[in-house]
Structure formats: structure tokens, C-alpha cells
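# Overview (structure and organization)
The residues making up each chain are set out below.
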Amino acid sequence: MAVAAARCVVAAAAAMGPTRGRVRLRSPTEVMVSNVEAANAMSPTMMLDFADVVTELEGYAEDAQGLVDPLIIRGDPKGRVFCAGADVKACAPLLADADGRMAMATLMHDTLSRLHALPLLVVAAIDGGAFGGGAELATAADVRVLAADARIVFVHATRGMSPGWGGAARLKRLLPPEAAMRLILTATPITPDSPWAPWLVDCVAQADDASPTPALWPIGD
Ligand SMILES: CCCC(=O)SCCNC(=O)CCNC(=O)[C@H](O)C(C)(C)COP(=O)(O)OP(=O)(O)OC[C@H]1O[C@@H](n2cnc3c(N)ncnc32)[C@H](O)[C@@H]1OP(=O)(O)O
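Report on the accompanying structure. Bear in mind that the values here come from a model prediction, so they are computed numbers and not experimental data.

## Looking at the site of the ligand
Surveying the vicinity of the ligand reveals 23 residues, the closest of which are Ala84, Ala86, Val88, Gly133 and Arg159. Note that an oxygen atom of the ligand is positioned 3.3 Å from one of the backbone N or O atoms of Glu37. A distance of 2.9 Å is found between an oxygen atom of the ligand and a backbone nitrogen or oxygen belonging to Gly133. Class assignment of the residues belonging to the shell around the ligand gives a composition of 10 nonpolar, 5 polar and 8 charged.

Here it is, written out as C-alpha cells:
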């Protein structure tokens, strides 16, 4: 399915229900994933937003040769986690049939691939946790900062799904492929003390850190 066609299917699903959640570029350096009633999971509206945000960032990156600040992606603190994947309630029209699932996967795969390809440092600031598609989003960043009490979980298998947003391929590049496959098949949580954390977690933020990315600031010095 072409991305433009996928976008139309996702837009039709977005139009079927009330708008729930938004993805916003709050400044050229911060993307906020916000769906407070659904643990910042991605509704169809948010998938469309996210595609537009990445298009805007591609424009900035092309124009502003001096754009050196990292781009930070974070979940709305009111949603308590980074991102709980697809909003399974708002995405019900998409998840109901194969065409809808393919459209969601095609659009999100394209968006996260373009995010990953941006010529700037992309940081995922993971409070609470990243689940399902949220874990896939985390793999599209260059750097993952995990709160000390947070976890990254490819929960797809527990829902009879496979990672459709490109996260499996990215995880295979981050970890030994056998380990990536095992984490996906068993939905094993990756916590800061997990044996796989050194491959996936670049920095652990303690609860009393004033900034979600404290260890990154020296990069800019
Ligand atoms: C290819 C992509 C496929 C996917 O991403 S499928 C979705 C995979 N994600 C999941 O299965 C995550 C399911 N959620 C959870 O495990 C937990 O809610 C989570 C994120 C650990 C947060 O736990 P808690 O802090 O205890 O909060 P909670 O469970 O009470 O949730 C708060 C409200 O958020 C809702 N929610 C959480 N994840 C959601 C989701 N993915 N889609 C839609 N709604 C979701 C949850 O139903 C609850 O709503 P309500 O307060 O009961 O109305």
C-alpha cells in the first residue's frame, strides 16, 4: 500500500471518532506525544499529526544548517508513560480489518523511518515506559534516556501482533539479532538493570533529575 493511500485510510478512521490525543512540535527541539486518557497511546489523529511533524522537521533540517540541538521526544507527563503504542480504542476501525492494519503500519513505518533518518540527534526521553508501538518509536531515536523506574516492552506478542512500525528491524540493528527476536517473542521488559539495557538504554535518569536528559547536556558543551 502506498503511503498516500495509507494516510487516507487513517484519516477516514480519525474522522470516525472524536479527536483523541495530539502529537505536537512544541519547538524545533521538542515533540510531545499526548493522549492523557490512554497512556499517550497513538490515535489515528496522532498518527497523522506525527507524519506532519516529521515533514516539518525535515524542512527545518534542510533549511537550518546550524540546527544542532537534539530533538527530544517525550510523552505528556499527564499520560504518565512515554507512549503505550497504538490507542487500541481509537484505532478500533483500523484494527478491525487487514486493510486498516496495513494502512496503520504503512503510515507509521514511513513516519518512524523518516524520523530515524533526520540529520539531527533524536532523543527519546522515556518516563514510565514505552509499550508496543511506543517501544518501536523508542527504537527510531538515536538515544534512549530511560527513567530509573521505566521499562521498554515489545508487548505485541501478548496481543497476537507483530511490530508493524519498523521496530523489529531497528531492534535487530541495536541488539544481536537473536536477542532482538527473543525480546519480541517473549515481550520481556527491558529495565535499566536488564542484561540488554547496555544495547538499548543510553542513559538512566534518576527520579530527582531536574531534566529528563541530564547526561546529554555535556554533548553540547
Ligand atoms: C503495531 C503497534 C501495536 C500496538 O502498539 S498495540 C498496543 C500495545 N500497548 C499495550 O498493550 C499497552 C497497554 N497498556 C498498559 O499495559 C498499561 O495501560 C500501561 C501503559 C503500562 C500503563 O499502566 P497504568 O499506569 O497502570 O495505567 P492504566 O493501565 O490504568 O491506563 C490508563 C488508561 O490508559 C488506557 N490505555 C493504556 N494503554 C492503552 C492503549 N494502548 N490503547 C488505549 N488505551 C490505553 C487504559 O485503558 C486506561 O484507560 P481507563 O482509565 O481505563 O479509561
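Moving on from the model shown.
## Thoughts on the sheet that holds strand β3 (residues 71–75)
Sheet strands pair via backbone hydrogen bonds, and the direction of the pair is either parallel or antiparallel. Taken in spatial order, the 6 strands of this open sheet run β1-β2-β3-β4-β6-β8, and their pairing is mixed. With partners counted over all chains shown, the strands left at the sheet margins are β1 (22–27) and β8 (203–205), one partner each. For this sheet the average axis-to-axis angle between neighbouring strands, irrespective of direction, equals 20°. Running at roughly 25° to β1, helix α2 (residues 44–63) makes contact with β1, β2 (30–34) and β3 of the sheet.

## Brief notes about the side chain of Asp49
Take Asp49: it is sitting in helix α2. Classification of Asp49 by relative accessible area gives buried; the value is 9%. A distance of 3.0 Å separates a polar side-chain atom of Asp49 from the backbone nitrogen of Val23. In this view, Asp49 contacts Gly21, Arg22 and Val23; residues no more than four positions away in its chain are not counted.

## Regarding helix α1 (residues 3–16)
For α1, with 14 residues, the first-to-last C-alpha span of 20 Å sits near the 20 Å given by 1.5 Å per residue. Every buried residue of α1 is accounted for by Ala6, Val10, Ala13 and Ala14. Taken end-on, α1 shows its buried residues confined to a sector of 100°, consistent with a single buried face. For α1, the exposed residues set more than 90 degrees away from the buried face come down to Ala4, Cys8, Ala15 and Met16. The inward-facing, buried residues of α1 contact α2, α3 (92–95) and α4 (98–117).

## Thoughts on the packing of aromatic side chains
The full count for this structure, using the stated rule, is 1 aromatic pair. Taking the centre distance of 5.2 Å and the plane angle of 55° together, the rings of Trp196 and Trp199 count as tilted.

## Details of the pattern of salt bridges
In a structure, side chains of opposite charge can pair up when their charged atoms sit close to one another. Scanning the model with the defined rule gives 8 salt bridges in all. In this structure, Asp49 and Arg22 form a salt bridge, with 2.9 Å as the shortest nitrogen-oxygen distance. Of this pair, Asp49 sits in helix α2 while Arg22 sits in strand β1, and the two are 27 residues apart along the sequence. The salt bridge partner of Arg74 is Glu30, with a shortest N-O separation of 3.4 Å. Remark: Glu30 occurs in strand β2 and Arg74 occurs in strand β3; sequence separation between them is 44 residues. On the accessibility criterion, Glu30 (14% relative accessible area) is buried. One continuous salt-bridge network, built from bridges that share partners, spans Arg20, Glu37 and Asp87.

Reading the values: the criteria
Each chain carries its own residue numbering, running from 1 in the direction its sequence is written. pLDDT decides what is reported in this predicted model: residues at 70 or higher carry local features, side-chain atom pairs at 80 or more are listed and counted, and totals for whole chains, interfaces and linings draw on all residues regardless. To get the side-chain values, take all heavy atoms of the structure and skip hydrogens and water. Nearness here has a simple test: a residue counts as near a molecule or strand if at least one of its heavy atoms is within 4 Å of that partner. Contacts described as polar in this section are N or O atom pairs within 3.5 Å, which, within protein, must combine one atom able to donate a hydrogen with one able to accept it, while residues neighboring in sequence count only if both atoms come from side chains. Think of it as three bins: nonpolar holds Ala, Val, Leu, Ile, Met, Phe, Trp, Tyr, Cys and Pro, charged holds Asp, Glu, Lys and Arg, and polar takes everything else, Gly as well. Here the rule is simple: two strands pair whenever DSSP picks up at least two bridges between them. Each helix is a run of H or I in the DSSP string that is no shorter than four residues. Each strand is a run of E no shorter than two, and both are numbered from the N terminus. Here an angle of 0 to 180 degrees is reported between the N-to-C directions of two axes, which are lines fitted to C-alpha atoms, with helices fitted over the stretch in contact. By definition in these notes, contact holds between two residues if any of their heavy atoms fall within 4.5 Å. Think of it in three bands: with a 1.4 Å probe and only protein chains considered, a residue is buried below 20% of the maximum accessible area for its type, exposed above 50%, and partly exposed in between. A helix is expected to reach a length of 1.5 Å times the quantity of its residues less one. Arc definition: it is the arc formed by the directions from the helix axis to the C-beta atoms. Two rings from Phe, Tyr or Trp (for Trp, the six-membered ring) form a pair when their centres sit within 6.5 Å of each other. Planes less than 30 degrees apart are called stacked, planes more than 60 degrees apart edge-to-face, and all others tilted. When a carboxyl oxygen of Asp or Glu is within 4 Å of a side-chain nitrogen of Lys or Arg, the pair counts as a salt bridge.

Function cannot be read off these values alone, since they describe shape.
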